[in-house]
Each structure stands twice: as C-alpha cells, then as structure tokens.
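These are the residues of each chain, in order.
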Amino acid sequence: FREIRRRIRSVENTKKTTRAMEMVAATKLKRLQDLLKQSERFIGELERILGTLVREKPRAHPLLEARAEIKSTLVFLITSDTGLCGSYNTNICEQVRQFLETEPGSLHFVSLGRNGSYFLKRANQIVSKELAVPRPQEIDDWIRLLAEIAKREFTERAADRVLFIYSRVVSLGSLKP
C-alpha cells in the first residue's frame, strides 16, 4: 500500500513539473509571437518605403541597380541545424528543388543551417559559405554578416541577383517556404 502511495505522489510531482514547463514554454511562445508581429509590421513598412524610393529615384544607389541580364544568382538558404522539426526542412528543400529545375544561369549558395548544406551537396550545388544557425544573442551580428555578403557579391558583380529561401511563420501550425 505504501509503495502505491509513493508511486502516486511521484506521478503527481511529475505532472506538476510538466505543467510548470508548459507554462514557461507558453510564455516564451507568446513573447516570440509578439516579436514576430512587430517585425512583420516593421518589414511591411520598410518594403513600402523602399518601393517608393525605387520608383521615384531609380538607380540612385548601387544596390538598387536593375541588371538587364541575370547571369549569376546568390541564394541564401535558411534551414535548421538539427532535426525534430517536422516538415520544416523538407518543405524548404522541396522549394529549392523546384527552384533549381526552373532557374537558368549560374547559382551559388550561402547555407544557413546544416540541413540546407547537406541538401545542396547532394544536389551538386556550389555552396560558397556554410553558417550555423545563430543563438538568439548572435542574431544582430549574423544579420550584419549576411547583409555584408549580399552587398559585396552584388556590388562586385559576382551576383546579378540575391534571393533568400526560408520559411515564413503563418501560424503556430503552419510554416510556408
């Protein structure tokens, strides 16, 4: 009888711990969702402003130069470093596979996340740089690095176009490549 009570208490304690972990995860998720909403508004406004600038002052900046012929494309592929994320990587890699079938010209990739690197190597694509997914405190430096790579490749005419392939969060259960 004592053994059964001890077992019941153990299960109840595990239940309490699990509930506390769920609450912490829910709080973190809510905070990330709020950040996503803020960033989407910011990005939308930035796109509007840049679109206006491009229409009103075309070719006022070297990065806004329209290339007559697209000979080379730099593609940033953003995947995860690890598994256990459902179809996240599969959907992005499928998008890249379709892109490779339809895209003319020279392509070279910067891969962010090991899963993307593995996919590109299996597809016999040129991967000029492989980067690991950053920790949250490294994201600002990571964005600066990506911007610098894209800017250098475009201004030095190593790439006539720069594209990003990634997953966009539509809802908790839906990510669209």
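I will try to describe carefully the structure that is included in this document.

The rules we used
- Residues numbered from 1 in each chain as written.
- Predicted model: local features only at pLDDT ≥ 70, side-chain atom pairs only at ≥ 80, totals over all residues.
- Heavy atoms only, no water.
- Phe/Tyr/Trp six-rings, centres within 6.5 Å; stacked < 30°, edge-to-face > 60°.
- Helix = DSSP H or I, 4+ residues; strand = E, 2+ residues; numbered from the N terminus.
- Buried < 20%, exposed > 50% of the residue type's maximum accessible area, 1.4 Å probe, protein only.
- Lys NZ or Arg CZ within 6 Å of the ring centre and 35° of its normal.
- Salt bridge = Lys/Arg side-chain N within 4 Å of Asp/Glu carboxyl O.
- 1 Å grid on protein atoms, 1.4 Å probe; cavity = no way out; pocket = protein on both sides within 12 Å on 5 of 7 lines; lining within 4 Å.
- Points joined across faces, edges and corners; volume = space filled by probe spheres on them.
- Nonpolar A, V, L, I, M, F, W, Y, C, P; charged D, E, K, R; others polar.
- Pairing = 2+ DSSP bridges.
- Axes fitted to C-alpha atoms, helices over the stretch in contact; angles between N-to-C directions.
- Contact = heavy atoms within 4.5 Å.
- Left-handed = near helix turned anticlockwise from the far one by under 90°.

1. Observations concerning the packing of aromatic side chains
Right, on to step 1. Scanning the entire structure with this criterion turns up one aromatic pair.
Right, on to step 2. A ring pair is formed by Phe-76 and Phe-164, whose centres lie 4.5 Å apart and whose planes are at 10 degrees; its orientation type is stacked. Note that Phe-76 is positioned in strand β1 (residues 72-78) and Phe-164 in strand β4 (residues 161-165), a separation of 88 residues in sequence.
Right, on to step 3. Overall, the relative accessible area of 40% leaves Phe-164 in the partly exposed class.
Right, on to step 4. Arg-67 extends its terminal NZ or CZ atom over the ring of Phe-154, reaching a point 3.9 Å from the ring centre.

2. Some points on the pattern of salt bridges
Right, on to step 1. On inspection of all chains with the given rule, the structure shows ten salt bridges.
Right, on to step 2. Where Glu-94 meets Arg-97, a salt bridge forms, and the shortest distance between an N and an O atom there is 2.3 Å. Here Arg-97 and Glu-94 lie together in helix α2 (residues 88-102), a separation of three residues that amounts to about one turn.
Right, on to step 3. Judged by relative accessible area, Arg-97 falls into the partly exposed class, the value being 34%.
Right, on to step 4. With a closest N to O distance of 2.8 Å, Arg-135 and Glu-138 form a salt bridge.
Right, on to step 5. Overall, Glu-138 belongs to the partly exposed group, its relative accessible area being 30%.
Right, on to step 6. Because the salt bridges share partners, they merge into one network encompassing Glu-94, Arg-97 and Glu-101.

3. Quick look at the layout of surface pockets
Right, on to step 1. Empty space within the largest pocket amounts to approximately 2800 Å³.
Right, on to step 2. Lining the largest pocket are 48 residues, with Ile-43, Ile-78, Trp-142, Ile-143 and Tyr-166 positioned closest to its centre.
Right, on to step 3. Breaking the lining of the largest pocket down by element, the ones donating at least two residues are α1 (2-56), α4 (139-155), β4 and β5 (168-171).
Right, on to step 4. A per-element tally of the lining of the largest pocket places α1 first, with 15 residues.
Right, on to step 5. Residues that form the lining of the largest pocket fall into these classes: 31 nonpolar, eight polar and nine charged.

4. A word on the sheet that holds β1
Right, on to step 1. Spatial strand order, β3-β2-β1-β4: four strands in an open sheet with parallel pairing. Looking along the sheet, the strands with just one partner apiece sit at the ends: β3 (127-131) and β4. On average, each strand axis in the sheet is tilted by 20 degrees relative to the strand beside it, whichever way the strands run.
Right, on to step 2. Note that β1 and β4 share five bridges and pair parallel. Of the residues in β4, the one forming a bridge with Leu-74 is Val-162.
Right, on to step 3. The sheet contacts of helix α3 (residues 114-122) involve β1, β2 (106-112) and β3, and relative to β2 the element is tilted by about 150 degrees.
Right, on to step 4. Along the sheet, α4 makes contact with β1, β2, β3 and β4, crossing β1 at roughly 170 degrees.

5. Concerning the packing of α2 against α3
Right, on to step 1. Axis separation between α2 and α3 bottoms out at 11 Å; the angle between their running directions is 35 degrees. Seen from above, α2 lies across α3 with right-handed handedness. Residue-level inspection shows Asn-89, Cys-93, Val-96 and Arg-97 of α2 in contact with α3, the latter providing Asn-115, Phe-119 and Leu-120.
Right, on to step 2. Among the residues forming the contact of α2 with α3, the class breakdown is four nonpolar, two polar and one charged.

6. What to know about the environment of Glu-56
Right, on to step 1. For Glu-56, the position within the fold is in helix α1.
Right, on to step 2. Sequence separation of Glu-56 and Leu-131 is 75 residues, and the distance between their C-alpha atoms is 37 Å.

Such coordinate-based values are descriptive only and should not be taken to indicate function.
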